[in-house]
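# An overview of the molecular structure
For reference, the chains in residue letters:
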Amino acid sequence: MSQSTDLIQSAQRTIRLEREAVEGLLAHIDADFVRACEMILASKGRVVVVGMGKSGHIGNKIAATLASTGTPAFFVHPAEASHGDMGMITRDDVILALSNSGSTSEIVTLLPLIKRLGIQLISLTGNPDSPLAKAAEVNLNARIEHEACPLNLAPTSSTTAALVMGDALAVALLEARGFTAEDFAFSHPGGALGRRLLLKVENVMHAGDELPQVLRGTLLKNALMEMTRKGLGMTVIVEADGRLAGIFTDGDLRRTLDRTIDIHSALIEDVMTPHGKTARAEMLAAEALKIMEDHKISALVVVDGEDRPVGALNMHDLLRAGVM
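Residues numbered from 1 in each chain as written. Predicted model: local features only at pLDDT ≥ 70, side-chain atom pairs only at ≥ 80, totals over all residues. Heavy atoms only, no water.

### Notes on the layout of surface pockets
- Approximately 330 Å³ is the volume attributed to the largest pocket.
- Of all elements in the fold, only β8 (244-249), α13 (250-258) and α15 (315-320) reach the threshold of two or more residues within the lining of the largest pocket.
- Looking at the lining of the largest pocket, the element that brings in the most residues is α13, giving five residues.
- Its residues assigned to classes, the lining of the largest pocket comprises six nonpolar, eight polar and five charged.
- Computed from the structure, the second largest pocket encloses a volume of approximately 220 Å³. (1 Å grid on protein atoms, 1.4 Å probe; cavity = no way out; pocket = protein on both sides within 12 Å on 5 of 7 lines; lining within 4 Å. Points joined across faces, edges and corners; volume = space filled by probe spheres on them. Helix = DSSP H or I, 4+ residues; strand = E, 2+ residues; numbered from the N terminus. Nonpolar A, V, L, I, M, F, W, Y, C, P; charged D, E, K, R; others polar.)

Shown next, in the form of structure tokens:
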């Protein structure tokens, strides 16, 4: 029992210290942060992230996040840079160098060459008075009071702070560039994420002869026959001019039976849901899913710019397509 308590207290202490480290970053989101963003936005090249040890692992992640959110970036190991990989970096690039101490020898060794080539340098350190910070055009201050490690040795709070500062940089750049969900999709074409972000309503909807539809004035029993033939559990109701009048679903049918309406004599407009929620063919399928979830419905009519039905889809279509 005592050991369990000690383990819980240790974990909670770690989380508290790392939370404090992250909260401390708020004071360092200042003019230097703005200058770093402006340098990257003005650059004609890529962001080259460098870091050793744990900072290198964090740097890898920051480079990946930047690249996937509209800022071309890649990671270069600083030790390898001294043995040929500096050739991967051009004068148009911006280097983002991570080092909590700001005096990592493998990075400091590169500083004269970086300066000679005229490559812009942003440092992300916990020591604004360090050699790396002083050599950089701008320093992102990720200073922490104490590592979560009880020995104050293992990089814990410092790497968390660096990671969060990197995320803050990536998101600020994303928003400054006007990066969209569709832009994001092209960086993530594979797997479930790609399907959610690239698939459009037009790719999954039922159109043409597959679209169940009847005219206003149709008998309910005939509308039910149309629903049965098309097998979507719904039918679209259109006006004489082709515009959307309403929608009738299996759920509407259950509610209709509760009202003891004669399905043989009732007209479809007496029981339909007027107009209903709609989607557009060019909309992302994930957006259509959100409409369904927000309004607790299972089907959508797809309309064109003149509110004429051109298709329909339901939850099953989105499920088959892997959108949900």
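Now that the structure is up, let's keep going.
### Thoughts on the UniProt feature "domain: CBS" (unreviewed entry) in the protein
- Mapped onto this numbering, the UniProt entry annotates "domain: CBS" (unreviewed entry) at residues 205-263 and 272-324.
- End-to-end, the C-alpha atoms of residues 205-263 are 28 Å apart, and along that stretch the chain is 34% helix and 24% strand. (UniProt positions renumbered as here; feature names shortened; annotations may be inferred.)

### Notes on the sheet that holds strand β12 (residues 309-314)
- In spatial order, the strands read β10-β11-β12; together these three strands make up an open sheet with mixed pairing. Two strands lie at the open edges of the sheet, namely β10 (278-280) and β12, each paired on one side alone. Looking at each pair of strands side by side, their axes are set apart by 35° on average, direction ignored.
- Docked against the sheet, helix α14 (residues 285-295) engages β10, β11 (299-303) and β12, running at close to 130° with respect to β11. (Pairing = 2+ DSSP bridges. Axes fitted to C-alpha atoms, helices over the stretch in contact; angles between N-to-C directions. Contact = heavy atoms within 4.5 Å.)

### Some points on the sheet that holds strand β1 (residues 47-51)
- As summarised here, the arrangement of the five strands in space is β2-β1-β3-β4-β5, forming an open sheet in which the pairing is parallel. Where the open sheet ends on each side, the last strands, each with one partner, are β2 (73-75) and β5 (138-141). Geometrically, the sheet is characterised by an average inter-axis angle of 20° between neighbouring strands, direction not taken into account.
- Contacts from helix α3 (residues 53-68) reach β1, β2 and β3 (94-99), with the element oriented near 160° to β2.

### Considering the pairing of strand β4 (residues 120-125)
- When you tally the buried positions in β4, you get five out of six residues, the bulk of the element.
- Two strands pair when backbone bridges link them, and β3 and β4 are joined in this way by six bridges, in the parallel orientation. If you follow Ser99 over to β4, its bridge partner there is Thr125.
- Bridge count between β4 and β5: four bridges; the pairing is parallel. The residue bridging Leu124 from the neighbouring strand is Leu140, located in β5. (Buried < 20%, exposed > 50% of the residue type's maximum accessible area, 1.4 Å probe, protein only.)

### Examining the nonpolar core
- Judged by nonpolar contacts, the single largest core of 29 residues is most densely connected at Leu66, Leu96, Ile122, Leu124, Leu140 and Leu169.
- For this core, the secondary structure elements donating two or more residues are α2 (31-42), β1, α3, β3, β4, β5 and α8 (157-177).
- The dominant element in this core, judged by the number of residues it contributes, is α8, at six residues.
- Once you skip the residues sitting within four places of it in the chain, Leu66 turns out to touch Val47, Val49, Thr71, Ala73, Ala170 and Leu173.
- Counting residues in each nonpolar core, the second largest holds 19 residues, with Ala285, Ile291, Leu313 and Leu318 among its members. (Core = buried A, V, L, I, M, F, W, Y, C linked by side-chain atoms within 4.5 Å.)

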